[in-house]
Amino acid sequence: MLNKEVALAVNYALNKGFQIHPEALSLLEGVSTSELGELIKEVVREKMRQNVFFINQDDLKSALRIEDEGELENDLKVIFDPTGKIASAEGVDGYASLFISRYNKLKKIVSKRPEAAKIRSTKLLKGKKPDSGQSEGKKKRESVYVCGLVTNKSLVTDKSHDRRRAAITIEDDTDSLECFAFEDELVKKADGLLIEQFVMAEIEQTQRGTFVIKDIILPEVGEREVGRSKSSVWALFLSDLHAGSKYFLEESFGSLVEWLNSNDPVAQRVGFVVIGGDLIDGVGIYPNQDKELVHLSIEDQLAYIEGYLAKIPKHIQIVIMPGNHDPGRRSLPQPAIPKKYNVGLWDRENFHMVGNPAVVSLNGVRVLMFHGQSIDDVVKITPGLSYAEPVSVMKELLRTRHLCPIYGGNTPIAPELEDMMVIEDVPDIFHVGHVHVLGAGRYRGTLLINSGTWQGQTPFQASVGITPTPGIAVLVNLKTFQVNTKQF
Ligand code: D5M
Ligand code: ZN
Ligand code: FE
């Protein structure tokens, strides 16, 4: 039976007096449902112009920009994987190294900005006597910039004046400096900053010596051209399967794997499957979890999902990254799911086990993969951000150039010598999961994807008001960056 969108599209063409070739019909059934209406109108318009009232597979292929490009090209390179680099330092010393590394990496990023020439060290500014004002005459006071990690922030409401001001302390590699924001917009911006987040502030010193904030600048990403695959190849983005859970959508996931094995023209051009964590539901992740499990051990859960993944055609490259439900370690960065729990995942030629976060290149398209644990903290702290709109949260992560810009929240961060959570190079695609809500968007050229989930709503999610969007596959054409979704 045709699904509703396909039936509507077919009726539209039939009503205009068209005939549709059976092959074209089967192609339609494999197409993203969201864009079908527009697509069929485009085809009908074009064919009416040609005065031909017959729609064949080639008409649809050209409208879908699916080209017969011969052999499928799917070149996978792992550009960054934390697995072999994890070397947790101990205690306070470890965190000191982590923050020094964060500072150095982000300083390097802002050094490319035009304001960089006016960056001063906090030590120099602290020792600076304020300009008297008189000797300078009417000359405008010149602002300078400081950059570093926010180590303190406070908001003071001045009752007598009924005004708010914010104080933030910025620490660089020389010392730290307390700066004040008075303008409403800046107070809001300062208040929204996170502890240990890297910022650059434009400041001016008053005659009394106070440093007043004129602007707060995030490391940000510049507008840029994305890398693209030369040929038309699709990548399928998945996350949060939660195999082993009672709520894992076995049937939907099974149909997805079946579709990948089908003759559907899009399925045939899928070159990569990218999995962003929470492959399994895990064991002992939260109290009384065992009551919600079908498979009671990590090994059983992994073997079960391996069974499905093994049915994906062997020519497809599969990248597997862990999430907070997978074994390895809880703290970020996480190593790849250890081999001791499942040898099969490691021993298949087309399976690529990476840690969290990771950067991979798919036919030259740079994909930053991160499970997304920090989203819980960012959503909690930042007004205006919510689980329902994961893409907005992802945009904020990109702007801070850090995957976990909160320290001391619920997301455990390991005291690594190097901060591997800094977004050093801006990705072409930023892939996140964890939220269980599908989302796609763009920010300054980067395609942002949250790949939803393959688990139905759990009692916990219901209790905290999270409405997941399960069973939807996100497909990206790596040549055109067209995004299709397909419900299973
Ligand atoms: O996360 C599944 C969903 O539950 C995701 O939207 C995050 C949310 N979540 C997870 N932990 C918490 C806590 N502690 N508070 C609020 N919301 C949470 P998963 O990683 O699959 O369990
Ligand atoms: Zn999850
Ligand atoms: Fe998760």
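Presented here is a report on the structure given in the accompanying data block. Nothing here was measured: the structure is a model prediction, and the numbers come from that model.

Considering the nonpolar core
Core analysis: the largest hydrophobic core is formed by 45 residues, its most contacted members being Phe 370 and Phe 430. Of all the elements in the fold, those that place two or more residues in this core are α5 (91-110), β4 (144-158), β7 (198-205), β14 (365-370), α12 (375-381), α13 (390-400) and β15 (429-432). The element contributing the most residues to this core is α5, with six residues. Counting 37 residues, the second-largest nonpolar core is a separate cluster that includes Leu 241, Val 270, Ile 280 and Leu 345.

Here we look at the coordination of the iron ion (ligand 3)
Taken together, the protein ligands of the iron ion (ligand 3) are Asp 278 (OD), Asn 324 (OD1), His 371 (NE2) and His 434 (ND1), with distances of 2.2 to 2.3 Å. Read in sequence order, the donor residues coordinating the iron ion (ligand 3) give the pattern D-x45-N-x46-H-x62-H. Separation of the iron ion (ligand 3) from the zinc ion (ligand 2) amounts to 3.0 Å, with Asp 278 serving as a shared donor to the pair. Of the two residues, Asn 324 is situated in the loop between β11 (317-321) and α11 (343-347) and His 371 in the loop between β14 and α12; the sequence distance between them amounts to 47 residues. For the pair formed by Asn 324 and His 371, the shared burial category is buried.

Side note on the sheet that holds strand β9 (residues 234-238)
The strand order β12-β11-β10-β9-β18-β19 describes an open sheet built from six strands, whose pairing is mixed. Since the sheet does not close on itself, it has two edges, and those belong to β12 (351-353) and β19 (483-487), each with one partner. Averaged over all adjacent pairs, the angle separating strand axes in this sheet is 20°, with direction ignored. Taken together, the five bridges between strand β10 (residues 270-276) and β11 define a ladder with parallel strand orientation. Note that in β11 the partner of Val 274 across the bridge is Val 319. Contacts from helix α8 (residues 250-260) reach β9, β10, β18 (472-477) and β19, with the element oriented near 170° to β9.

Section: helix α7 (residues 184-191)
Within the sequence span of α7, burial applies to Leu 186, Val 187 and Ala 190. When α7 is viewed along its axis, its buried side chains cluster within an angular range of 105° and face the same direction. Of the residues in α7, the exposed ones pointing more than 90 degrees away from the buried face are Asp 184, Glu 185 and Lys 188. Next to the buried residues of α7 lie β4, β5 (163-171), β6 (176-181) and β8 (211-217).

Notes on the packing of aromatic side chains
Within the structure shown, the criterion is met by 13 aromatic pairs. With centroids separated by 6.1 Å and ring planes inclined at 45°, the aromatic side chains of Tyr 103 and Phe 198 adopt a geometry described as tilted. Placement of the pair is Tyr 103 in helix α5 and Phe 198 in strand β7, with a sequence separation of 95 residues. By relative accessible area, which is 2% here, Phe 198 ends up buried. Measuring from centroid to centroid gives 5.8 Å for Phe 248 and Phe 253, while their planes differ by 55°, and the two rings are tilted. Exposure class is identical for Phe 248 and Phe 253. Each is buried.

Re the sheet that holds strand β3 (residues 76-80)
Read from one edge of the open sheet, six strands run β3-β13-β14-β15-β17-β16, paired in mixed fashion. Taken across any chain shown, the strands that pair with only one partner, and hence form the sheet edges, are β3 and β16 (438-443). Recorded for the sheet is a direction-independent mean angle of 20° between the axes of neighbouring strands. Those strands touched by α13 are β14, β15, β16 and β17 (446-451), and its axis lies near 130° from that of β17.

A look at the packing of α8 against helix α10 (residues 298-309)
Between α8 and α10, whose axes approach to 10 Å, the crossing angle comes to 35°. Where α8 approaches α10, its residues Glu 250, Phe 253, Gly 254 and Val 257 are matched on the opposing element by Tyr 304, Ile 305, Tyr 308 and Leu 309. Among the residues forming the contact of α8 with α10, the class breakdown is six nonpolar, one polar and one charged.

Considerations on the pattern of salt bridges
Within the structure shown, the criterion is met by 20 salt bridges. Residue Glu 46 pairs with Arg 49 through a salt bridge whose shortest N-O separation is 2.9 Å. Highlighted residues: Glu 46 and Arg 49, both in helix α3 (residues 36-50), separated by three residues, approximately one helical turn. Given the relative accessible area of 65%, Arg 49 is considered exposed. One salt bridge connects Glu 418 with Lys 85, and the closest N-O pair in it is separated by 3.3 Å. Here Glu 418, found in the loop between α13 and β15, pairs with Lys 85, found in the loop between β3 and α5; they are 333 residues apart in sequence, far enough to count as distant. What makes Lys 85 partly exposed here is its relative accessible area of 39%. A single salt-bridge network, built from bridges that share partners, covers Lys 85, Lys 105, Glu 418 and Glu 424.

Considerations on the coordination of the zinc ion (ligand 2)
Put simply, a metal with four donors set out as a tetrahedron has ideal angles of 109.5 degrees, and one with six donors set out as an octahedron has ideal angles of 90 or 180 degrees. Bound to the zinc ion (ligand 2) on the protein side are Asp 240 (OD), His 242 (NE2), Asp 278 (OD) and His 436 (NE2), at distances that span 2.0 to 2.3 Å. One chain supplies every donor for the zinc ion (ligand 2), spaced along it as D-x1-H-x35-D-x157-H.

Examining the site of ligand 1
Contacts to ligand 1 come from 13 residues, most closely from Asn 324, His 325, His 434, Val 435 and His 436. For ligand 1, an oxygen atom lies 3.0 Å from a polar atom in the side chain of His 242. A distance of 3.1 Å separates an oxygen atom of ligand 1 from a polar atom in the side chain of Asp 278. Within the complex, the protein chains bury 79% of what would otherwise be the 470 Å² of accessible surface of ligand 1. Of all the cavities here, the one that holds ligand 1 is the largest pocket. Classifying every residue of the shell around ligand 1 gives four nonpolar, six polar and three charged.

Quick look at the pairing of β8
Burial of β8 is extensive: five of the seven residues sit out of reach of the surface. Summarising the sheet, β7 and β8 pair through six bridges and their orientation is antiparallel. When the sheet's bridge partners are listed, Ala 201 is paired in β8 with Ile 216. Where β7 folds back on β8, the antiparallel hairpin that results is connected by five residues, among which Gly 209 adopts a positive phi of roughly 100°.

Brief notes about unusual backbone geometry
That bond from Leu 332 to Pro 333 is cis: its omega, -5°, falls within 30 degrees of zero. Cis geometry is found at the peptide bond from Asn 356 to Pro 357, where omega equals 5°. Mapped onto the fold, Pro 357 is located in the loop between β12 and β13 (358-362). Phi at His 242 takes a positive value of approximately 55°, unusual for a residue other than glycine. One can find His 242 in the loop between β9 and α8. Non-glycine residue Asp 278 carries a positive phi angle of around 60°. Here Asp 278 lies in the loop between β10 and α10. Residue Asp 278 is classed as buried on the basis of its relative accessible area of 2%.

Parameters at a glance
Residue numbers restart at each chain and count upward from 1, following the sequence in its written direction. Key to labels: chains lettered from A, ligands numbered from 1, both in the order written. Under the rules for a predicted model, residues below a pLDDT of 70 receive no local features and side-chain atom pairs below 80 are neither given nor counted, while totals for whole chains, interfaces and linings still include all residues. To get the side-chain values, all heavy atoms of the structure are used, and hydrogens and water are removed first. We define a nonpolar core as any set of buried Ala, Val, Leu, Ile, Met, Phe, Trp, Tyr and Cys residues linked to one another through side-chain atoms lying within 4.5 Å. To sort residues, take the accessible area from a 1.4 Å probe on protein chains only and compare it with the maximum for the residue type: under 20% means buried, over 50% means exposed, and anything in between is partly exposed. Helical segments are the DSSP runs of H or I of at least four residues, strand segments are the runs of E of at least two, and each set is numbered from the N terminus. Only nitrogen, oxygen and sulfur atoms qualify as donors, provided they sit within 2.8 Å of the metal or within 3.2 Å for Na, K and Ca; with water excluded from the atoms, sites may seem incomplete. The rule for pairing is simple: two strands pair if DSSP sees at least two bridges between them. A fitted line through C-alpha atoms serves as each axis, taken over the contacting stretch for helices, and the angle formed by two N-to-C directions is quoted from 0 to 180°. Residues are treated as being in contact if the distance between any of their heavy atoms lies within 4.5 Å. The arc in question is traced by the directions running from the helix axis to the C-beta atoms. Two aromatic rings, drawn from Phe, Tyr or Trp (for Trp, its six-membered ring), form a pair once their centres lie within 6.5 Å of each other, and the interplanar angle then sorts them: stacked below 30 degrees, edge-to-face above 60, tilted otherwise. When residue character is reported, Ala, Val, Leu, Ile, Met, Phe, Trp, Tyr, Cys and Pro are called nonpolar, Asp, Glu, Lys and Arg charged, and the others, Gly included, polar. One side-chain nitrogen of Lys or Arg within 4 Å of one carboxyl oxygen of Asp or Glu is enough to make a salt bridge. Proximity criterion: a residue is near a molecule or strand once any of its heavy atoms comes within 4 Å of it. Polar contacts here mean pairs of N or O atoms no more than 3.5 Å apart (in protein, one a potential hydrogen donor and the other a potential acceptor; neighbouring residues in sequence count only if both atoms are side-chain atoms). Using a 1.4 Å probe, accessible areas were evaluated by the Shrake-Rupley method; residue-level cover was limited to the displayed protein chains. Think of a 1 Å grid over the protein atoms and nothing else: a 1.4 Å probe that fits but is trapped marks a cavity, an open set flanked by protein within 12 Å on at least five of seven lines marks a pocket, and residues with an atom within 4 Å of a point count as lining. Criterion for pocket placement: a molecule counts as inside a cavity or pocket if more than half of its atoms are within 2 Å of its grid points.

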